[in-house]
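# Structural description and commentary
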Amino acid sequence: MKKLISGMLALALAHTTAAQKFEGLAPTPPMGWNSWNTFQTGINEKLIMETADIMVSSGMKAAGYTYLVLDDGWMAMERDSAGNLVPDPQKFPHGLKAVVDYVHGKGLKFGMYNCAGTLTCAKYPGTRGYEYQDARNYAAWDIDYLKYDWCNTHGINAKEAYTTMSNALRKAGRPMIFSLCEWGVNKPWEWGAPVGQMLRTTEDIWQVFDSVHSHGTWDALSVMRIADIQDSLRRYSGPDHWNDPDMLEVGNGMTYTEDRTHFSLWAMMAAPLMAGNDIRKMTPATKAILTNKDVIAIDQDPLGIQGFKFSEKDSLQIWCKPLQRGDWAVCFLNRSSHNAAVHFNWKETAIADNVFHHTLKQDIHYTLYNVWTGKNEGTTRKPFNAVIKPHDIVMFRLKQ
């Protein structure tokens, strides 16, 4: 009898500690828009409704941007007497559910933010100790996506905290994308696949191409510094559990060339594409980058393989990504501040993915389709020769 009871207790403990996320919600990397990069806590229902309108009218929804995510600062500074989170009545005078319904009425999905700690990063009420209560409220509001941050978590075990919230969402009964915004501090890629669909790998991004931005006690990272971190993590990423190198800074202050390179790299890395600009005011050039269907198709490729940096010499990088039906994506990226000449002989250079075991076949003459010009630019029968400008990229889809 003692052995039976002991076994039952062990089974119960295993059930409470092993997260069972909602499967199948993210067969390809999630796409959407998040309020933080541009607006921080300066959000309100008018902004969200206008953004939903523009996501539809601009073509972003048609391009695949599905989730509209409300980041930190949506709630009042105190919970109510029953311990419930309260949407800030000044920012959301008609209540949060009315905003959620409006977004859903546009054919979009609604995302929400909170934090694994006692307070959010902006010092609003965190979820620690309220996981199941908050999850029930999110389900009652018809939330489709939860971004779960990692501020004010001193003494908290990351795996336990995220597993608990994942279980709480599951028990609440409404399928939601669960975004583990843990910054990579506790290597969520090693344990997060059963817990959530998005696994944050770095500190916050900033709208710079190749440096850091100091916040005093911590540094936000540039596009290239984040890209540097990803290559060793690619074996952990795939359908329904994507490495997340943070949101997009396209349209937030870098040059057009840098924005295009940034978007290309995130597509090569099979990253979630979460726009972070004010899409109500975006330029035609920014819109063209964010809605480029050929680049998005590389990010959303059903094979679900994160690309890799094949080579780097004198700041000239070559990135490769196997795609479905034997296609490949190949990028030539000039990281430097001066022009870079490229001479690449496809027939003399073997390209192989040694993690997921795909090889670019040298006996096939692939067509070089430039996803940014929309034109075929030769085949792999002849070497590729070009001069690439600083911070620029040439991105091909190699078609059989």
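Here the structure is a predicted model, which is why all the values come from computation and not from measurement. (Residues numbered from 1 in each chain as written. Predicted model: local features only at pLDDT ≥ 70, side-chain atom pairs only at ≥ 80, totals over all residues. Heavy atoms only, no water.)

## Re the UniProt feature "domain: Alpha galactosidase C-terminal" (unreviewed entry) in the protein chain
Under the local residue numbering, the UniProt record ascribes the feature "domain: Alpha galactosidase C-terminal" (unreviewed entry) to residues 314-398. Between the C-alpha atoms that bound residues 314-398 there is a distance of 25 Å. The span itself is 0% helix and 51% strand. (UniProt positions renumbered as here; feature names shortened; annotations may be inferred. Helix = DSSP H or I, 4+ residues; strand = E, 2+ residues; numbered from the N terminus.)

## A few points about the packing of aromatic side chains
Taken as a whole and judged by the stated rule, the model has 15 aromatic pairs. A ring pair is formed by Phe332 and Phe344, whose centres lie 5.6 Å apart and whose planes are at 65 degrees; its orientation type is edge-to-face. Here Phe332 is found in strand β13 (residues 328-334), whereas its partner Phe344 is found in strand β14 (residues 340-344), with 12 residues between them in sequence. Look at Phe332 and you get buried, because its relative accessible area is 0%. Members of the aromatic cluster, joined through ring pairs, are Tyr148, Trp150, Tyr162, Phe178 and Trp191. Against the face of Tyr130 rests Arg79, its NZ or CZ located 3.7 Å from the ring centre. (Phe/Tyr/Trp six-rings, centres within 6.5 Å; stacked < 30°, edge-to-face > 60°. Buried < 20%, exposed > 50% of the residue type's maximum accessible area, 1.4 Å probe, protein only. Lys NZ or Arg CZ within 6 Å of the ring centre and 35° of its normal.)

## Thoughts on the sheet that holds strand β3 (residues 109-115)
Strand order across the open sheet formed by 8 strands is β9-β6-β5-β4-β3-β2-β1-β10, with parallel pairing between neighbours. Because the sheet does not close on itself, it has two edges, and the strands there are β9 (242-244) and β10 (273-275). Averaged over all pairs of adjacent strands, the angle between strand axes in this sheet comes to 25 degrees, irrespective of strand direction. As paired elements, β3 and strand β4 (residues 145-149) share 5 bridges and run parallel to each other. The residue of β4 that forms the bridge with Tyr113 is Lys147. Across the sheet, helix α3 (residues 45-57) touches β1 (31-34), β2 (67-69) and β3, and the angle it forms with β2 is around 155 degrees. Against the sheet, helix α7 (residues 158-172) engages β4 and β5 (177-180), with an angle of about 160 degrees to β4. (Pairing = 2+ DSSP bridges. Axes fitted to C-alpha atoms, helices over the stretch in contact; angles between N-to-C directions. Contact = heavy atoms within 4.5 Å.)

## Quick notes on the packing of α3 against helix α5 (residues 96-105)
Two numbers describe how α3 lies on α5: the axes approach to 9 Å, and their chain directions differ by 10 degrees. Viewed along their axes, α3 and α5 adopt a mutual orientation that is roughly parallel. Along its contact with α3, which presents Glu45, Ile48, Met49, Ala52 and Asp53, the element α5 presents Ala98, Val99, Tyr102 and Val103. Grouping the amino acids of the contact of α3 with α5 by side-chain chemistry returns 7 nonpolar, no polar and 2 charged. (Parallel < 35°, antiparallel > 145°, perpendicular 65-115°, else oblique. Nonpolar A, V, L, I, M, F, W, Y, C, P; charged D, E, K, R; others polar.)

## Observations regarding the state of the cysteines
Per the counting criterion, the structure on display carries 1 disulfide. Left without a disulfide partner, Cys181 is nearest to the cysteine sulfur of Cys121, which lies 7.1 Å away. Of the residues examined, Cys181 reaches a relative accessible area of 2% and is grouped as buried. (Disulfide = S-S within 2.5 Å.)

## Remarks on the layout of surface pockets
In this structure, the largest pocket encloses a volume near 470 Å³. As for the largest pocket, its lining consists of 25 residues, of which Trp36, Cys121, Cys151, Asp204 and Trp218 are closest to the centre. Broken down by secondary-structure element, the contributors of at least two residues to the lining of the largest pocket are α2 (36-39) and β4. In the lining of the largest pocket, the residues fall into 11 nonpolar, 5 polar and 9 charged. (1 Å grid on protein atoms, 1.4 Å probe; cavity = no way out; pocket = protein on both sides within 12 Å on 5 of 7 lines; lining within 4 Å. Points joined across faces, edges and corners; volume = space filled by probe spheres on them.)

## Comments concerning the pairing of β1
Because side chains alternate across β1, one face comprises the buried residues Met31 and Trp33, and the other comprises Gly32 and Asn34, equally buried. Sheet analysis places β1 next to β10, joined by 3 bridges and oriented parallel. For Met31, the partnering residue across the bridge sits in β10 and is Leu273. The pairing of β1 with β2 spans 3 bridges and is parallel. Counted as the bridge partner of Gly32 is Tyr67 from β2.

## Points about the environment of Leu316
Here Leu316 shows up in strand β12 (residues 316-322). Along the sequence, Leu316 and Phe332 sit 16 residues apart, while their C-alpha atoms lie 7.1 Å from each other.

## Some thoughts on empty space enclosed by the protein
Applying the stated rule across the entire model yields 2 cavities of 30 Å³ or more. Elements supplying a minimum of two residues to the lining of the largest cavity: β4 and β6 (198-200). Considered class by class, the residues forming the lining of the largest cavity number 5 nonpolar, 2 polar and 4 charged. Tallied by class, residues from the lining of the second largest cavity come to 5 nonpolar, 2 polar and 1 charged.

## Looking at the pairing of strand β20 (residues 393-399)
Within β20, 6 of the 7 residues are buried, which leaves the element mostly enclosed by the surrounding structure. The pairing of β13 with β20 spans 6 bridges and is classified as antiparallel. Looking at β20, one finds that Trp328 is bridged to Leu398. Here 4 bridges tie strand β17 (residues 367-370) to β20, and the two strands are oriented antiparallel to one another. If you follow Leu368 over to β20, its bridge partner there is Leu398.

## Focus on the pattern of salt bridges
Counted according to the given criterion, the structure contains 21 salt bridges. Of the charged contacts, one joins Arg79 and Asp134 as a salt bridge, the two residues approaching to 2.9 Å between their closest N and O atoms. Of this pair, Arg79 sits in the loop between β2 and α5 while Asp134 sits in helix α6 (residues 131-140), and the two are 55 residues apart along the sequence. Judged by its relative accessible area of 15%, Arg79 is buried. Here Asp210 ties to Arg335 by a salt bridge, and the two come within 2.9 Å at their closest N and O atoms. Placement of Asp210 in the loop between β6 and β7 (212-214) and of Arg335 in the loop between β13 and β14 is noted, with a sequence separation of 125 residues between them. (Salt bridge = Lys/Arg side-chain N within 4 Å of Asp/Glu carboxyl O.)

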